Amino acid sequence: MSNHTYDVLKYIAQIVLPALATLYFALAKIWNFPYGAEVVGTISAVDAFLGAILKISTDKYNEQQTEEFKPPEDEF
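Here the structure is a predicted model, which means the values were calculated and not measured.

Draft legend 1. A look at helix α1 (residues 3-31). The first and last C-alpha atoms of α1 sit 40 Å apart over 29 residues, in line with the 42 Å expected at 1.5 Å per residue. When the local axis directions of α1 are compared, the greatest deviation, roughly 40°, occurs at I12. If you check which residues of α1 are buried, you get A13, L17, A21 and A28. Tucked inside the fold, the buried residues of α1 contact α2 (36-68). Following α1 by one or two positions, N32 has its phi on the positive side, about 60°.

Draft legend 2. Looking closely at the pattern of salt bridges. Per the counting criterion, the structure on display carries one salt bridge. For K55, the salt bridge is made with D59, and the minimal N-O distance between the two is 2.8 Å. Separated by four residues within a single helix, K55 and D59 lie in helix α2, roughly one turn from each other. K55 gets classed as partly exposed once you look at its relative accessible area, which sits at 48%.

Conventions adopted
Residues numbered from 1 in each chain as written. Predicted model: local features only at pLDDT ≥ 70, side-chain atom pairs only at ≥ 80, totals over all residues. Heavy atoms only, no water. Helix = DSSP H or I, 4+ residues; strand = E, 2+ residues; numbered from the N terminus. Expected span 1.5 Å × (residues − 1). Bend = angle between axes of the 7 residues up to and from the residue. Buried < 20%, exposed > 50% of the residue type's maximum accessible area, 1.4 Å probe, protein only. Contact = heavy atoms within 4.5 Å. Salt bridge = Lys/Arg side-chain N within 4 Å of Asp/Glu carboxyl O.

No statement about biological role is implied by the geometric values presented.
In structure tokens, the structure reads:
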């Protein structure tokens with residue numbers, strides 16, 4: 001995954017989806033929009049999944065960086 005793709009997905013996961021869920025929840029209560037809990041639950045589930053995928057990607061990237069810059073071990 002490119003840095004740009006990662007940054008966009010991270011922004012979506014951290015800012016856009018939580019804000020969207022909050023907005024729909026509030027408007028559903030005020031304006032009696034249908035399926036408030038279902039829509040917010042779906043957005044939250046997608047956000048949690050995206051967060052897990054990004055965490056896995058970050059862990060793999062950090063592991064690769066650690067292996068690349070690992071100093072040689074002494075042979076004593």
